[in-house]
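A structural walkthrough
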Amino acid sequence: MTTSTPDGGPSPLRAAAASQRVAAHLRDAILSGAIAPGTRIRQEEVAERLGASRLPVREALRILEAEGLTEHEANRGARVPRLTQHEVDVVYRMRERLEPLALAQSIPALDRAAVEGLAEIQRSIEATTDIGDFLALDREFHLRSYAGCGVQQLTATVTRLWNSTQHYRRAYVSLSGPGRMWVINSEHRLILDAVERGDAVDAERFLSGHIRRTRIELGRHPEIFE
């Protein structure tokens, strides 16, 4: 396998692998909250920290921008987007409409193993008291439930909307604490039951209500957006 170009530069395969490595590192840091909304991401600092050149860092930032995790400002570089309370409310309203559609499109293609996988994730959610673990498992539960949707434009949009609201979801869960987990688990169980029965109508209805409740409760905590 060729690992360099005739002029001594990295091969396209190595460059792509380096970009994906940098993107994965930054993605994890943003989704975990280690890099907060509003934070500027300086290419030279990332390159030095990860032992990479600036070219794969630049490409990684393009990947993350397409995923809704970073944005580029002219003459100022990349940063993690910071949303207002109104913007988050609108994004959640978009999710209320698009995610039930993605789930309805996905259900016919979910085989028994996929449904059992969702049930296992839900059991893990109910067993954890760690907020970080809960957020990761909750994200996995929902995005895997849409895995059977064959419309790439829809699933890409849904993932982007999830990415843009991850920070505010984390802040809300941290604020509400474990006392409200029973509500989330009950709603997940209703969604899972509908998926197991292959009932797209019920699944859409339960999921829409699940997202709507979170949107309304977020609206009661303006301090999250300050």
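Before reading further, recall that the structure is shown in the block above.
The text that follows walks through the structure, step by step, so that each part is easy to find. Being a predicted model, the structure only gives us computed values, none of them experimental.

This paragraph deals with the overall build of the chain. Tallying secondary structure elements over the chain gives 9 helices and 3 strands in all. The dimensions of the chain, computed from C-alpha atoms along their principal axes, are 60 × 45 × 30 Å. By the burial criterion, 43% of the 226 residues in the chain qualify as buried. In the chain, the proportion of contacts linking residues at least 24 apart, taken out of those at least 6 apart, comes to 72%. Total accessible area on the chain stands at roughly 11,800 Å², and carbon and sulfur atoms take up 53% of it.

Time to look at the packing of aromatic side chains. Taken as a whole and judged by the stated rule, the model has 1 aromatic pair. Ring centres of Y168 and F225 lie 5.4 Å apart, and the angle between their planes is 15°; this geometry places the pair in the stacked category. Of the two residues, Y168 sits in helix α7 (residues 152-176) while F225 sits in the segment after α9 (200-219), which places them 57 residues apart along the sequence. The cationic tip of R95 hangs over the ring face of W162; the distance from NZ or CZ to the ring centre is 4.4 Å.

This brings us to the packing of helix α1 (residues 12-32) against helix α3 (residues 54-66). Angle between the axes and distance between the axes: these two values describe a pair of packed helices. Where α1 contacts α3, the axes come no closer than 8 Å and their chain directions differ by 55°. Relative to α3, the element α1 lies oblique. As α1 packs across α3, the resulting crossing turns out to be right-handed. Contact residues: A15, A18, S19, Q20, V22, A23, L26, R27 and I30 in α1; P56, V57, E59, A60, L61, I63 and L64 in α3. Looking at the contact of α1 with α3 residue by residue, the class counts come to 12 nonpolar, 2 polar and 2 charged.

A separate point is the nonpolar core. Counting 37 residues, the largest nonpolar core has V88, L103, F134, Y146, V195 and L218 as the members making the most contacts within it. Elements with a contribution of two residues or more to this core: α4 (85-106), α5 (112-127), α6 (131-145), α7, α8 (181-197) and α9. Look past the residues within four positions of V195 in its chain and what remains in contact with it is L103, I107, L110, V115 and L118. Membership of the second largest hydrophobic core comes to 20 residues, among which are V22, A29, L64 and L69.

Our next topic: the pattern of salt bridges. Summed over all chains, the structure comprises 21 salt bridges. The partner of R215 in a salt bridge is D89, with the nearest N and O atoms 3.5 Å apart. With R215 in helix α9 and D89 in helix α4, the pair connects residues that are 126 residues apart, well separated along the chain. One salt bridge in this structure joins R123 and E120, with 2.7 Å as the shortest N-O distance. With R123 and E120 both in helix α5 and 3 residues apart, the pair spans about one turn of that helix. With a relative accessible area of 41%, E120 lands in the partly exposed category. A single network of salt bridges, built from pairs that share partners, joins D193, R197, D199, D202 and R205.

About the thresholds
- Residues numbered from 1 in each chain as written.
- Predicted model: local features only at pLDDT ≥ 70, side-chain atom pairs only at ≥ 80, totals over all residues.
- Heavy atoms only, no water.
- Helix = DSSP H or I, 4+ residues; strand = E, 2+ residues; numbered from the N terminus.
- Buried < 20%, exposed > 50% of the residue type's maximum accessible area, 1.4 Å probe, protein only.
- Contact = heavy atoms within 4.5 Å.
- Areas by Shrake-Rupley, 256 points an atom, 1.4 Å probe, with all protein chains shown as cover.
- Phe/Tyr/Trp six-rings, centres within 6.5 Å; stacked < 30°, edge-to-face > 60°.
- Lys NZ or Arg CZ within 6 Å of the ring centre and 35° of its normal.
- Axes fitted to C-alpha atoms, helices over the stretch in contact; angles between N-to-C directions.
- Parallel < 35°, antiparallel > 145°, perpendicular 65-115°, else oblique.
- Left-handed = near helix turned anticlockwise from the far one by under 90°.
- Nonpolar A, V, L, I, M, F, W, Y, C, P; charged D, E, K, R; others polar.
- Core = buried A, V, L, I, M, F, W, Y, C linked by side-chain atoms within 4.5 Å.
- Salt bridge = Lys/Arg side-chain N within 4 Å of Asp/Glu carboxyl O.

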